[in-house]
Structures are given as C-alpha cells and as structure tokens.
Amino acid sequence: MMLMRPSLFITSISLSSNLKPSLFQRTLGFAWSAAAYRDGEDGRSFSSSTLHAITRQSDGTIFISPDNNSQHSASVILCHGLGDTGNGWVDPAMYLASKLPHVKFILPTAPTQPVTLNMGMPMPSWYDIIGLDSRSNEVCNGLDESMDKILELVENEVGECNGVGAVDYSRIVLAGFSQGGALALYTGMTSFRKQKNPTAADVQQKGLGLAGIVIMSGYLPRSSSFTIASGSETTPILHCHGTEDSVVAVEAAGLSKDRVSSLMEDKGGKKELYQVKTYRGLDHSVLMEELDDVSAFLNKVIPPIVR
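It should be emphasised that the depicted structure is a prediction, and the values quoted were computed from it without experimental measurement.

Assigned secondary structure in the protein consists of seven helices and ten strands. When burial is assessed residue by residue, the protein has 52% of its 307 residues classed as buried. In the form shown here, the protein has an accessible surface area of approximately 13900 Å², with 51% of it arising from carbon and sulfur atoms.

Structure below.
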C-alpha cells in the first residue's frame, strides 16, 4: 500500500491517546504538540490568559474573548489544518491571547467529509484534496462553502449585537495552518464585503480590506484563477513556513508570494506587503519563535486602541 505524507494521512487515533508528542505531530499534524515541545531550550511554554474566557458552540466553533468586553477592539479567525479541529488550536490561541488582551480569537471547525487523497476517509476538511500536485490544487471542491462559513464569522464580528462589541473589517485578521492557511489567504483576498443594499445596481462591490492575513505552512489554492478583490490589494500578509516541511514544501511559500504580490502590485499595492518568514529545520508544524512572530505581526496590524 502506498504511504501517504504523514500529516495528510490521518489515523483514527483520538486526542485522548497516550502517544508521545513527536508521534502525535507526525501522525496527526496537530500544530500545538510541536510548538509545546520545541520550546524546551529557552524554558517557555504556552501560558493561559487570565484576561480571556473560552466559550464553545455546538458546531465546534470556539471563542476566546476578552473577559472585559469593552477591551475587545479586534478579532482573529484562526482556521485549523486537515484532520484537526478548532480545539487543536486552543493552546496556541491562548498563548497569543496572553499577549493581545484586546483581541478575540475565533476557532471554527471544518465539516467532516471524505478526502480523496486519504482514500476517501472522512475527516474534518475545509475542502477535498485529490492530489499534491499543482493541477490537483486547482479543484478544491468544498472551498466555496468553507469560504461562506468564514465570511459569516467575519460579518458577525462586523455587525455583532447591532454594533455593541462590533469591530470594523480593518480590525479583523484571517489566519490558518496548512489547509486552513490556504482557506484564510483565498477568502481574505478574493471575497467581498456584504452589501447593505444588494439591489442597488450602482454600488460597486468592495473587497474585505482586512487588517491582515496569517498563513502558517500553507499555500495559495486555485492559483491560476486567483484574483484580488478591489480594496484588498493593501492587505498585509505574513506567511510562515518551515524549511523542512514534508507536507507543504517550503517552495509553496515563495510561489504563493510571487502570485499574490504580483497581483497586489497590479492593483496599486506593494509587493512588500506579502512577507515570508522561514524557520530552519521545522517540519509541518509550528514553534514558539513562529508564534512570537505572529504575535508581533498582529500587534502591528491590530494594535490596542487607546480610548
């Protein structure tokens, strides 16, 4: 039998397993396990934020919100990778929240559906993956439906409680790991804001114009048909990638940057807005240095608001 790449071939092992962290990382691709154990050299670890509260919805979406709602001035929607759930990213999100007390983190969970690459095995997946080559990457059945789910979360933040606790598009960041990073990038750059009066023929659709996008070990899906919605060409993008990624090769970061930044420049944006950071020796996972870089990026694009 052909062996699949480790983080794409997901077994039925559950989170309650007593497997060693390194096997968890290789078999399940849960990013938090690598990050928690790659920090031993400097003694750091994930720390829970006492300034945030966790709530969970029946659909698997997790909200990590500032205890004091008046402090909430920005939101990050963080999408997990293939075979994972929102719960797999609670620890990294709490670590980021401890540095960003004004930010709400939203962790959605993908629908469980068969994945062609994994012999049709059902698992949480934002869209179907039929192969690892660039041609297969153009299909992505289910991507549009997942985009709708993320856009609904965005619009909920913009219009939350009729303005109470709401944030502007420019205070929202889409982020994700692996397949979730691909979803974040494609959704954030190609989607339009919800029109308040969709029947008005003279209203031009406007891109989301988000505060930023974070991609960890991800890539650009549907590259050949990719376009940038007007107004999103100035969106800052941080792409983090391990040099030894055995699932999504580090070259994907450069190819994604080339394609996206070229189109950004064509629309009047700057190529420098797409920043790639690589991490020597890192496989398909994350580590503390990377999360610190993500934290610094978030502090830059959604800084605290002095009231």
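Next comes the rest of the account.
Once that is clear, we can look at the pattern of salt bridges. Overall, the coordinates contain three salt bridges when judged by the stated rule. A salt bridge links R222 to D144, with the shortest nitrogen-to-oxygen separation between them at 2.9 Å. Taken together, the residues span a long stretch of sequence, with R222 in the loop between β8 (212–216) and β9 (237–242) and D144 in helix α4 (residues 143–158) at a distance of 78 residues. The buried category is assigned to R222, whose relative accessible area is 12%. K271 serves as the salt-bridge partner of E265, at 3.6 Å between the closest nitrogen and oxygen.

One non-glycine residue, C140, adopts positive backbone phi at about 55°. Its location among the elements puts C140 in the loop between β6 (121–124) and α4. The phi angle at S178 is positive, at roughly 55°, despite the residue not being glycine. Exposure remark for S178: the relative accessible area of 7% places this residue in the buried category.

Our next topic: the environment of P92. Along the chain, P92 turns up in helix α3 (residues 90–99). With 194 residues separating them along the chain, P92 and V286 place their C-alpha atoms 9.4 Å apart.

What follows is about the confidence of the model for the protein. Of the residues in the protein, 79% have a pLDDT of 70 or more, and the chain-wide mean is 83. A low-confidence stretch, residues 1–45 stays under pLDDT 50, and its non-local contacts, those more than four residues away or across chains, total 85 contacts.

For N69, the position within the fold is in the loop between β2 (62–66) and β3 (74–79). Residue N69 is classed as partly exposed on the basis of its relative accessible area of 43%. Each C-alpha atom of the pair N69 and H102 lies 8.8 Å from the other, and the pair is 33 residues apart in sequence.

Counting residues in hydrophobic clusters, the biggest one holds 45 residues, and the most contacted among them are M189, I237 and V260. Listed in part, the 32 residues of the second largest apolar core include A97, V173, C240 and F297.

Here we take up the sheet that holds strand β7 (residues 172–177). For sheets, the rule is that strands pair by backbone hydrogen bonds, running either parallel or antiparallel. Read across the open sheet, the eight strands follow the order β1-β2-β4-β3-β7-β8-β9-β10; overall the sheet is mixed. The outermost strands of the open sheet, each flanked by one partner alone, are β1 (52–56) and β10 (274–279). Each strand axis lies, on average, 15° off the axis of its neighbour in the sheet, ignoring direction.

What follows deals with the packing of α3 against helix α7 (residues 288–301). Two numbers describe how α3 lies on α7: the axes approach to 10 Å, and their chain directions differ by 45°. Classified by the angle their axes make, α3 and α7 are oblique. Of the two elements, α3 crosses α7, and the hand of that crossing is right-handed. Only M288, L291, D292, V294, S295 and N299 of α7 make contact with α3, whose side of the interface consists of P92, Y95, L96 and K99. Tallied by class, the residues present in the contact of α3 with α7 amount to six nonpolar, two polar and two charged.

Now for a negative patch on the surface. Taken together, the side chains of D59, E145, D148 and E152 make up a negatively charged region of the molecular surface. By the secondary structure assignment, E145 is in helix α4. The class for E145 is exposed, based on a relative accessible area of 53%.

So, about α7. Taking 1.5 Å of rise per residue, 14 residues should cover 20 Å, and α7 covers 20 Å from first to last C-alpha, within 8% of that figure. M288, E290, L291, V294, S295, F297, L298 and V301 are the residues of α7 that are buried.

The next thing to look at is the pairing of β10. Examined bridge by bridge, β9 and β10 share six bridges and lie parallel to one another. In the strand pairing of β10, C240 is matched with K277. In this view, the connection linking β9 to its parallel neighbour β10 by way of helix α6 (residues 251–266) has right-handed handedness.

Contact geometry of α4 with helix α5 (residues 179–190) gives a least axis separation of 10 Å together with a crossing angle of 70°. By the angle between their axes, α4 is roughly perpendicular relative to α5. Facing L143, S146, M147, I150 and L151 of α4, the residues of α5 in contact are L183, Y186, T187 and T190. Across the contact of α4 with α5, the residue classes tally to six nonpolar, three polar and no charged.

Calculation criteria
- Residues numbered from 1 in each chain as written.
- Predicted model: local features only at pLDDT ≥ 70, side-chain atom pairs only at ≥ 80, totals over all residues.
- Heavy atoms only, no water.
- Helix = DSSP H or I, 4+ residues; strand = E, 2+ residues; numbered from the N terminus.
- Buried < 20%, exposed > 50% of the residue type's maximum accessible area, 1.4 Å probe, protein only.
- Areas by Shrake-Rupley, 256 points an atom, 1.4 Å probe, with all protein chains shown as cover.
- Salt bridge = Lys/Arg side-chain N within 4 Å of Asp/Glu carboxyl O.
- pLDDT = per-residue confidence, 0-100.
- Contact = heavy atoms within 4.5 Å.
- Core = buried A, V, L, I, M, F, W, Y, C linked by side-chain atoms within 4.5 Å.
- Pairing = 2+ DSSP bridges.
- Axes fitted to C-alpha atoms, helices over the stretch in contact; angles between N-to-C directions.
- Parallel < 35°, antiparallel > 145°, perpendicular 65-115°, else oblique.
- Left-handed = near helix turned anticlockwise from the far one by under 90°.
- Nonpolar A, V, L, I, M, F, W, Y, C, P; charged D, E, K, R; others polar.
- Patch = residues over 30% accessible without salt bridge, like charges linked within 9 Å, V, L, I, M, F, W, Y side chains within 5 Å.
- Lys, Arg positive; Asp, Glu negative; His and termini not counted.
- Charge placed at Lys NZ, Arg CZ, Asp CG, Glu CD.
- Expected span 1.5 Å × (residues − 1).
- Right-handed = clockwise from strand over helix to strand, strands pointing away.

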